Amino acid sequence: MSNGRDKKSEFPTQRTCGVWLMYIGIITIFSALAGDHLLMQPFILGIGYLIGFFGILVLPFVNRKLAFGKNTKFQDRMDNISTVLNVLLCTACGMIIGFDDVRLFWLSLFIAVGIHFFGFYFSQGKIMILLGILTIINGIMGLVLISVPFLVFALIDGMVKLLIGMKMLTIKRAVNVIN
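The notes below deal with the structure included here. (Residues numbered from 1 in each chain as written. Predicted model: local features only at pLDDT ≥ 70, side-chain atom pairs only at ≥ 80, totals over all residues. Heavy atoms only, no water.)

Looking at the packing of helix 7 (residues 127–144) against helix 8 (residues 150–169)
Relative to each other, helix 7 and helix 8 sit at 170 degrees, their axes nearing to 10 Å. The pairing of helix 7 with helix 8 is recorded here as roughly antiparallel in orientation. Contacts from Ile127, Met128, Leu130, Leu131, Leu134, Thr135, Asn138, Met141 and Gly142 of helix 7 reach helix 8 at Phe153, Ile156, Asp157, Val160, Lys161, Ile164, Lys167 and Met168. Among the residues making up the contact of helix 7 with helix 8, the classes are represented as 11 nonpolar, three polar and three charged. (Axes fitted to C-alpha atoms, helices over the stretch in contact; angles between N-to-C directions. Helix = DSSP H or I, 4+ residues; strand = E, 2+ residues; numbered from the N terminus. Parallel < 35°, antiparallel > 145°, perpendicular 65-115°, else oblique. Contact = heavy atoms within 4.5 Å. Nonpolar A, V, L, I, M, F, W, Y, C, P; charged D, E, K, R; others polar.)

Re a nonpolar patch on the surface
Together, Leu104, Ile133, Ile137, Ile140, Met141, Leu143, Val144 and Leu145 give the surface a local cluster of nonpolar side chains, amounting to about 620 Å² of exposed area. No other element matches the six residues that helix 7 contributes to the nonpolar patch. Mapped onto the fold, Ile137 is located in helix 7. (Patch = residues over 30% accessible without salt bridge, like charges linked within 9 Å, V, L, I, M, F, W, Y side chains within 5 Å. Areas by Shrake-Rupley, 256 points an atom, 1.4 Å probe, with all protein chains shown as cover. Salt bridge = Lys/Arg side-chain N within 4 Å of Asp/Glu carboxyl O.)

Here's the deal with the side chain of Thr28
Position of Thr28 relative to the elements: it lies in helix 1 (residues 14–33). We classify Thr28 as buried; its relative accessible area is 3%. (Buried < 20%, exposed > 50% of the residue type's maximum accessible area, 1.4 Å probe, protein only.)

Notes on the packing of helix 1 against helix 8
Close contact between helix 1 and helix 8 brings their axes to 7 Å; oriented N to C, the two are set at 160 degrees. Relative to helix 8, helix 1 is oriented roughly antiparallel. Here helix 1 runs over helix 8; the crossing is left-handed. Residue composition of the contact of helix 1 with helix 8, by class: 18 nonpolar, six polar and three charged. (Left-handed = near helix turned anticlockwise from the far one by under 90°.)

Details of the side chain of Gln75
Tracing the chain through its elements places Gln75 in helix 4 (residues 73–97). Residue classification places Gln75 among the buried residues on the basis of a relative accessible area of 6%. One polar contact links the side chain of Gln75 to the main-chain carbonyl oxygen of Phe122, over a distance of 3.0 Å. Contact partners of Gln75, with chain neighbours within four places excluded, come to Glu10, Phe11, Pro12, Phe122 and Ser123. (Polar contact = N/O pair within 3.5 Å; in protein donor to acceptor, adjacent residues only side chain to side chain.)

A short note on the nonpolar core
Core analysis: the largest hydrophobic core is formed by 12 residues, namely Ala32, Met40, Cys93, Phe105, Trp106, Leu107, Leu109, Phe110, Ala112, Phe150, Phe153 and Ala154. Among the elements of the structure, helix 5 (102–117) and helix 8 are those that each provide at least two residues to this core. With six residues, the single largest contributor to this core is helix 5. Residue contacts for Ala32: discarding those within four places in its chain leaves Leu39, Met40, Leu151 and Ala154. Grouped together as the second largest cluster of nonpolar side chains are 11 residues, Val113, Ile127, Val160 and Met168 included. (Core = buried A, V, L, I, M, F, W, Y, C linked by side-chain atoms within 4.5 Å.)

A short note on the packing of aromatic side chains
In this description, a pair of aromatic rings is defined by centroid distance and the angle of the planes. Counted according to the given criterion, the structure contains 10 aromatic pairs. Ring centres 6.3 Å apart and planes at 25 degrees place the aromatic pair Trp20 and Tyr23 in the stacked group. Highlighted residues: Trp20 and Tyr23, both in helix 1, separated by three residues, approximately one helical turn. Trp20 sits in the buried class, given a relative accessible area of 11%. Through successive ring pairs, a cluster of aromatic residues spans Trp20, Tyr23, Tyr49, Phe53 and Phe54. (Phe/Tyr/Trp six-rings, centres within 6.5 Å; stacked < 30°, edge-to-face > 60°.)

Here it is as structure tokens:
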């Protein structure tokens, strides 16, 4: 039983998510730097995502070390819904937009990923709303400012994820102070 001092963390896996966002930010940056005519190197992005997904989110090591507990069933359900939404939105981008205009395709993916971040509010907190807004704005700016090279927006996307991930990694456990 709790002694009243430890308050259960409302978002127990924020630090794990922070590591994931930092990792994805780095993979996004490397993929963009190696992108050449594809703008983003899909092999680096895909393999990097797969390795990180299993290494950080599926295998228990990182979460066991960083999490302050387990998410609720509702939080897990919202995470799963958000992940499925991301897959559906990204698939729709490929099917509707196609691959003829790779800049439009990648910027649309940035917007789709930004939309899916809103569902993670329930398991990660308000910072995910900020991440979603910044990611969507970056994607829209890339669509509007066509004279600015795509690499600028890809690097911004990666840096935003990296910085917000760092912020999430530094979150401390919430403790009630008894007067």
